[in-house]
Amino acid sequence: MQLRKRKMGRVSRALGLVTANLFVATNGYAQAVPAPQPPATHLGNSSGSVTDDTQSDLGTITTDGSVLFYQEKGGRVKAVEPVARLKFTGENGDTFSLKATYDSLTGATPNGATPWKETQTFTTPTTPPGHEEAVTGASGNSTIVIVPGTGARVAQYQIAPHQLPLDAGFRDRRYALNLSYSHLFNPNTRITFGLNGSRERDYRSYSANTSLSQDFNDHNTTLTVGVNYEYDQSRPHFGTPTPLTEMNGLIKGPGENKHVFSVIAGVTQVMTRFWLLQLNYTIGWNNGYQNDPYKIISVVDPITGAPQQYLYENRPRSRTRQSVYLGNKIAIGPTVADLSFRYYHDSWKVDSITAEIAERVPISSWFYVEPDFRYYHQTAASFFNYYLLAGQPLPSYASADYRLGRFTAKTIGLKLGFKVSRDGEFYVLGEDYKQTGASTVPGAPGDLANENLFAGVHARSVMVGFSYTFR
Amino acid sequence: MTSGVEMQRHRFSAMASPCEVQVDSRDPLLAAHLGGIAEAEAKRIEVKYSRYRDDSVTTTINTSGGKPVVLDDETAALLDYADSCFDLSKGLFDVTSGVLRRIWRFDGSDNVPTKQQVAEILPFIGWKKVAWRRPELILPEGMEIDFGGLGKEYAVDSALLKITQESSVPVLVNFGGDLRVSAPRSGNRRWRVAIESVDEDGVSTARLELATGALTTSGDARRFLLKDGVRYSHILDPRNGWPVKHAPRSVTVAAPTCMEAGVMSTLAMLQGKKAEAFLRREGIQGWIVR
Amino acid sequence: MKITRSLLAVIGFSCLLSACSVLGVKPWDRDIMARKSMQLNTHPNLTAYHEHIYFSKEGSSGGRTFDGGGCGCN
C-alpha cells in the first residue's frame, strides 16, 4: 500500500493535540508537543515558516538588538537610539528580561515662542568661562554676550524673520535600563515585577511596577491588573526657572521632581479561532513639576502682534490621565491584521483618539511585508495658547508647547521581515510621521495673523533590528 | 514477517489478546528487558481498567450508585480525553455506550432487539449525562463507563513511551493487532506488517511497510446479526442505539499514535458508507474492506 | 471624564467578562493563536520605539502598557 503524506483534517489534527496532551498529563513531560507529524514514510521536521512559526519559548534565550534613526524635517531633532534586549524563559515558564537603551539626541526644538516678521533674540544662561561644555539648550547658534551694566555673561541666539523660533543647542545623551521578572505560580497565574531607570544630563526617572495575570476558560480569557510607581527628577542644566517670569540669562532655582502613580486593568480574550482581542483601562495621577523648563511663551502686543517679552511656561502640578485601549489581532488566511484604538482624556483637558492598522502579509516562507497606518488627533490642553496678549492679567497656567496643542498626526510605514534561520529574524521599518494643525487662531493681532504658528513635527524614522532565539 | 538474528521478540498474553514486542537489537537481554516493560505496562492497565475485575477503577466507577467518585490523575486524564473525543466526534465516540451490549448480542443469530428495548436503554447512554468535574465523577445510576474503546491503544502508546524512555533502540509494540513502532529499523529499513481480514470469502492479507507511527484495525466480519435478510453490523451508533448502516467490514488506519489510530478507525466505521470520504477528508492513511 | 463615565466603563467591563465565558476556542483549535505573528506585541523593540516617539511628540501616553515617562521629553 502506498503511504502518501496528506494534509490532516480538523478532527485528526485536533485529536493529535489532545493525544499529545494526554501523554503529557500521564507521563509528566515538561511541555506538550506542538503540531503532530504524519506517520510512516515521511519523517517530516517542521522547520517553521514566517507564517506558521509556532515554536514554544520555554527554555530559550531571546536576544533582540535594534537601532532607531529618527530625523525631523527643518533641522529639528535628530536621534539615534540603539537598544539591546535579552530575555530568559525557563522551562517552567518564568521569565527574566533585561533591556539597555542608549539615546543620542541633537538638533533643534521649538522654544515655544511665536514667529515674527522681524529678527527675534532669545537669552539663556551660559557656563562661566573655562567651563565650556556641550549643554542642553544654550550652545549651537548662541553667542556669548556680556550684558552691559551688570557684567553678566549670557548666551543669546537670534531667529530670522518669519522662522519658527527653534533652540538649536539641543543635545543630550540618555541611558536607560529596564529589568523585568515574571513567575508562573500555576499554568493560569502569573506575577510580574519590573524596575526601570533612565538618566540623561538634566533628567532622571526611576520606576517600579508589578502586575498579576489570571487565566480563565481554558486560557481563553486573561485578566490583568497592574500598578506602576514612577519618580522623576528634573535638573535643568542652569536650574529651574520661576514660572511666568521673563526669560533671562540668570542661573535659576534648584531641581524639581514629580511622582506618577498608575493602575492598569485589562482583559485579553480569544474571541474566535482567528481573532484575539485586548481591552485595557488605565488611570494615572501625576503630581509635581511637569513644566518644560526650557519652554517659553510669547507675550505679544494686542494690536500689532509684536512680541514684547518671553515668559517661562507654567503647567499645573497635578494631572489625572485615563485611557481605554482596544487592540485586535485577526488572522485572515496567512495574513494577520492588527487593529487598535485608544481613547485618552486627562484633567488638563487633552482629549485624543488614536487608530492604527497594520497588515502582515507573508510573501514567501522567509519574507513578509507589513504596511501600517496610524491616525491621531488631540485637542488642546486648557492652558495651551500660541501666545499671550500683553496688558491682560497673567493666567495661572500657560504653555505654548505644540505638544499640548490641537493637532492631527498621521503615520505611514512599511516593515519588512526576513527570516534568517529557524530562530532568527532581521527586520526593518521605515515610517513617515507628520503633524498638522491650525497655523493661526481667530483674532491673532496684527501681523501675527500672517505667521504660521503651528510648530508640529514632520519626521522620518528607520528602525533596523535583528532578533534571535537560542534554544 | 522478517526475522533474523537482529530481531528479538517478546511474546505474552494480556487484555484478552496475543501481544508481542519486537526489538531491533542483537542483545537478547535488552530485548527481554524492554519486552518486560511493555508486558508490565499492559498488565497494569488491564488490572486497572478491566470491566471484568472487581478491583478495577472501571468497576469502582460503575458500581458507585450515582455517588461522586474521586479519580486519580491517570484516569482523570483518560476521561478528559474521552470528553474531547466526544466533542470532536460530535457524540459518535461515547464511553458510556457500553450498556448497549445488554441488548445487542452479535452471534450471527436473528435476535435483533425491539424498538422498545432500544428506547428503554437510551436514557442510560450519553456522556453529557455524566457530571465530570476533575477530579470528581458522578455517574448516574444504571449508566456505565467503558474504557474498552481506548484501553488497548492507550496501553500500546503508554508501553512504547516507557520503552523509549529507557532505550532508543527501534521497537514495535503490538497488542492484539493494535501496534506502533518507535522508529525505523536500523539501516533506515521499514517494519513489515501483515494485516489479515477475515470475511465470508476467506482470509485476505495485506502487507504494509511502516517507518514510524501506529496502525489499528477496527471491525470483525464475524460479528453480525441477520434478520429478514437485513444484516446488522456490530457497529452501534451511541446516539440512537442502532447499528450503523453500510458499515465497512474492517478499517485499518495509520496515525502517529495508537490512540489516534484507534479513535479514527472507530470514527471511520461509524461513518457507514461515508467511511472512505471521511478518511480522505481527514488526510488519514487508511484501508477499508467492505 | 466624570466619575460616572468611568463607572460605566467598569460596568461595561464586567458585562464583557461574563460574556467572555461563552467566547473562545477549545485547546485543539488554538493552532492560529499559537503563531508568533498573532501575539499582541510581536516586536517589543519597535513597540518601545513607538511609545517613546509618541510620548515625546504628543500629549497622550500609554494605553497598551504602563504609561509615564522615563525620559524628560514631555
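As a starting point, this report considers the structure included with it. (Residues numbered from 1 in each chain as written. Chains lettered and ligands numbered in written order. Predicted model: local features only at pLDDT ≥ 70, side-chain atom pairs only at ≥ 80, totals over all residues. Heavy atoms only, no water.)

### Considerations on the packing of aromatic side chains
The final tally for this structure, using the stated rule, is 20 aromatic pairs over all chains. Centre to centre, the rings of A:Phe418 and A:Phe426 are 6.0 Å apart; their planes meet at 35 degrees, and the pair counts as tilted. For A:Phe426, a relative accessible area of 31% translates into the label partly exposed. Taking 5.4 Å as the distance between ring centres and 80 degrees as the angle between the ring planes, the aromatic pair formed by B:Trp104 and B:Trp242 counts as edge-to-face. One end of the pair, B:Trp104, is in the loop between helix H3 (73-88) and helix H4 (115-121); the other, B:Trp242, is in the loop between strand S12 (230-233) and strand S13 (250-255), with 138 residues separating them in the sequence. In textbook terms, an aromatic cluster arises when at least three aromatic residues are bridged by ring pairs, as seen for A:Trp366, A:Phe367, A:Phe418 and A:Phe426. Sitting over the face of the ring of A:Tyr402, A:Arg76 holds its NZ or CZ atom 5.4 Å from the ring centroid. Across the ring face of A:Tyr368, the terminal group of A:Arg360 is positioned such that the distance to the ring centre comes to 3.9 Å. (Phe/Tyr/Trp six-rings, centres within 6.5 Å; stacked < 30°, edge-to-face > 60°. Buried < 20%, exposed > 50% of the residue type's maximum accessible area, 1.4 Å probe, protein only. Helix = DSSP H or I, 4+ residues; strand = E, 2+ residues; numbered from the N terminus. Lys NZ or Arg CZ within 6 Å of the ring centre and 35° of its normal.)

### Thoughts on the sheet that holds strand S6 (residues 143-146) of chain A
All names here are of chain A. The sheet built from 3 strands is open, its strands ordered S5-S7-S6 with antiparallel pairing. On the outer flanks of this sheet lie strand S5 (120-125) and S6, each paired with one strand and no other. Recorded for the sheet is a direction-independent mean angle of 40 degrees between the axes of neighbouring strands. In this sheet, strand S7 (residues 153-159) lies alongside S5 in antiparallel orientation, the contact comprising 6 bridges. By the bridge assignment, Thr124 is partnered in S7 with Ala155. (Pairing = 2+ DSSP bridges. Axes fitted to C-alpha atoms, helices over the stretch in contact; angles between N-to-C directions.)

### Notes on the pattern of salt bridges
Residue and element names in this part refer to chain A. Taken as a whole and assessed by the stated rule, the structure comprises 38 salt bridges over all chains. The salt bridge partner of Lys117 is Asp447, with a shortest N-O separation of 2.4 Å. Taken as a pair, Lys117 in the loop between strand S4 (109-110) and S5 and Asp447 in the loop between strand S23 (424-436) and strand S24 (458-470) lie far apart in primary sequence, 330 residues in all. Each of the salt bridges in this network shares a partner with another, and the network as a whole consists of Asp292, Lys295, Glu313, Arg315, Asp401 and Arg403. (Salt bridge = Lys/Arg side-chain N within 4 Å of Asp/Glu carboxyl O.)

### Comments concerning the nonpolar core
In this structure, B:Tyr81, B:Val173 and B:Phe175 are the most contacted members of the largest nonpolar core, which totals 76 residues. Discounting residues that sit within four places of it in the chain, B:Tyr81 has contacts with A:Leu15, A:Val18, A:Thr19, A:Leu22, B:Leu150, B:Met259, B:Glu260 and B:Val263. (Core = buried A, V, L, I, M, F, W, Y, C linked by side-chain atoms within 4.5 Å. Contact = heavy atoms within 4.5 Å.)

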